[in-house]
Amino acid sequence: MRVLGLETSCDETGIAIYEGSKGLLAHALHTQADIHAAFGGVVPELASRDHIRKIVPLLTQVLESAEVSLNSLNGIAYTAGPGLIGALLVGSCFGRSLGYALNIPTLAVHHMEGHLLAALLETPTPHFPFLALLVSGGHTMLVKVNAIGQYQLLGESIDDAAGEAFDKTAKLLGLGYPGGPKLAKLAETGDPKRFDFPRPLTGKPGLNFSFSGLKTFTLNTLRNTQESLQDKADIAWAFQEAVVDTLVIKCKRAMKETGLTRLVVAGGVGANLRLREKLSQLAHTEKASLYYPRLEFCTDNGAMIAFAGYQYLSRGIKDTDSLQIQAIPRWSMDTLQK
Ligand code: KG4
Ligand code: ZN
């Protein structure tokens, strides 16, 4: 079965084709970073308009690179949520309409399920059950994955997501958008000994996260310096270290509580090198195994949506025949038991 995947939930248009017997045939990504940079963050209306502009040319590009025709597709998976309503509607409308025109099944995919399953595109693949740390711009979650479609939410952020905290803190430091990678780069020249930031919620039991307080901590710390580039680099280091340590402490706790030693890490912040370094240390001491999607599939992409969609469409699970098109900006993973 050959499945087209469409990702348009935020500021990246991602398209891919996944085939059961051959794996990923082709994928393409268009990032809108340049469009939003001038505004310091994603402007939803501009995001929607750009998805509309890019979706057809990207689809043509992916079909050409996979050397397959539109008529050879057997199913279409699109991100239906969570995300920006206008941006989601582009992928949902396009996916469902194309499915209708080609008379093939379509499926609404949960964006975070896409991230979660992206690691299964790599070898070695983790055996079920495993733990997943999902760290993106919109979500921070620890999930017990029993099988495809069987997810148990162990903990999540009660305020800002890890990526969101990176982005907002980067803005405070005057680093611009997208902030996460820029802050991580600046942290490389920071003095590890100068500042010590709190590790939120690690003193209490449980697996939830809270990152919004680190912003205020950053601002107060910054105001007590000359705000030089070195001051900012030292703060960037301390901020990153606090987020990374907090994530690692909760992963260790989740391993202890579940007895699981396979950990999948996905979502944009999964690209953070310091996080990877500290998780490797944890894996070493806990005799655990780590699984990451390749770097380009840590952040938003179409491949993870094509792959997630294939898992269900190949088992006959699809959208209803109703012509109603759904985009679900807020969508809890708890409702996913298909
Ligand atoms: O998963 P993703 O591409 O989009 C969402 O679903 O949100 O994640 C984007 C997030 C952004 O907040 C971005 O700043 C963050 O991931 N990010 C990073 C790094 N690369 C991307 N954060 C820290 N360090 C990085 N290297
Ligand atoms: Zn994402």
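On a predicted model such as this, the values are computed, not experimentally measured, just so you know.

### Some thoughts on the domain arrangement of the protein chain
What the domain assignment reports for the protein chain is domain 1 (2-116 + 297-335) and domain 2 (128-292). Taking the mean C-alpha position of each, domain 1 and domain 2 sit 27 Å from one another. Listed per partner, the contact involves 20 residues of domain 1 and 21 residues of domain 2. For the pair domain 1 and domain 2, the two sides together bury roughly 1600 Å², of which 71% comes from carbon and sulfur. Looking only at domain 1, the three residues that lose the most surface to domain 2 are M112, L116 and C298, adding up to 38% of its buried area. Linking domain 1 to domain 2 there are 0 salt bridges. Scanning the region where domain 1 abuts domain 2 turns up 5 residue pairs in polar contact (both at pLDDT 80 or more). Those elements giving two or more residues to the side of domain 1 that touches domain 2 turn out to be α1 (33-37), α4 (111-117) and α10 (303-313). Per-element accounting of the side of domain 1 that touches domain 2 gives the leading share, 4 residues, to α4. Classifying every residue of the side of domain 1 that touches domain 2 gives 10 nonpolar, 6 polar and 4 charged.

### Side note on the packing of helix α5 (residues 162-172) against helix α8 (residues 229-258)
At a closest axis distance of 11 Å, the pairing of α5 and α8 adopts a crossing angle of 175°. For the element pair α5 / α8, the angle class is roughly antiparallel. In this structure, α5 uses A162, A165, F166 and T169 to contact α8, whose residues at the interface are F239, Q240 and V243. Here the residues of the contact of α5 with α8 sort into 5 nonpolar, 2 polar and no charged.

### Notes on the sheet that holds strand β5 (residues 106-110)
Pairing is mixed in the open sheet, where 5 strands are placed in the order β3-β2-β1-β4-β5. Looking at which strands have only one partner, the edges of the open sheet turn out to be β3 (23-31) and β5. Between one strand axis and the next, the sheet turns through 20° on average, direction left out of account. The pairing of strand β1 (residues 2-7) with strand β4 (residues 75-81) spans 4 bridges and is classified as parallel. Across the sheet, the residue bridging to V3 is G75, located in β4. Its contacts with the sheet put α10 on β1, β2 (12-19), β3, β4 and β5, and the angle it makes with β1 is roughly 135°.

### Points about the confidence of the model for the protein chain
In regions of low pLDDT, the predicted coordinates are not meant to be interpreted in detail. The predicted model of the protein chain averages 96 in pLDDT, with 99% of residues at 70 or higher. Taking the mean pLDDT of every element in the protein chain, the minimum, 94, falls on α1 and the maximum, 99, on β1.

Rules of the game
Residues numbered from 1 in each chain as written. Chains lettered and ligands numbered in written order. Predicted model: local features only at pLDDT ≥ 70, side-chain atom pairs only at ≥ 80, totals over all residues. Heavy atoms only, no water. Domains from an automatic or database assignment. Contact = heavy atoms within 4.5 Å. Buried area = accessible area lost by both parts, 1.4 Å probe. Salt bridge = Lys/Arg side-chain N within 4 Å of Asp/Glu carboxyl O. Polar contact = N/O pair within 3.5 Å; in protein donor to acceptor, adjacent residues only side chain to side chain. Helix = DSSP H or I, 4+ residues; strand = E, 2+ residues; numbered from the N terminus. Nonpolar A, V, L, I, M, F, W, Y, C, P; charged D, E, K, R; others polar. Axes fitted to C-alpha atoms, helices over the stretch in contact; angles between N-to-C directions. Parallel < 35°, antiparallel > 145°, perpendicular 65-115°, else oblique. Pairing = 2+ DSSP bridges. pLDDT = per-residue confidence, 0-100.

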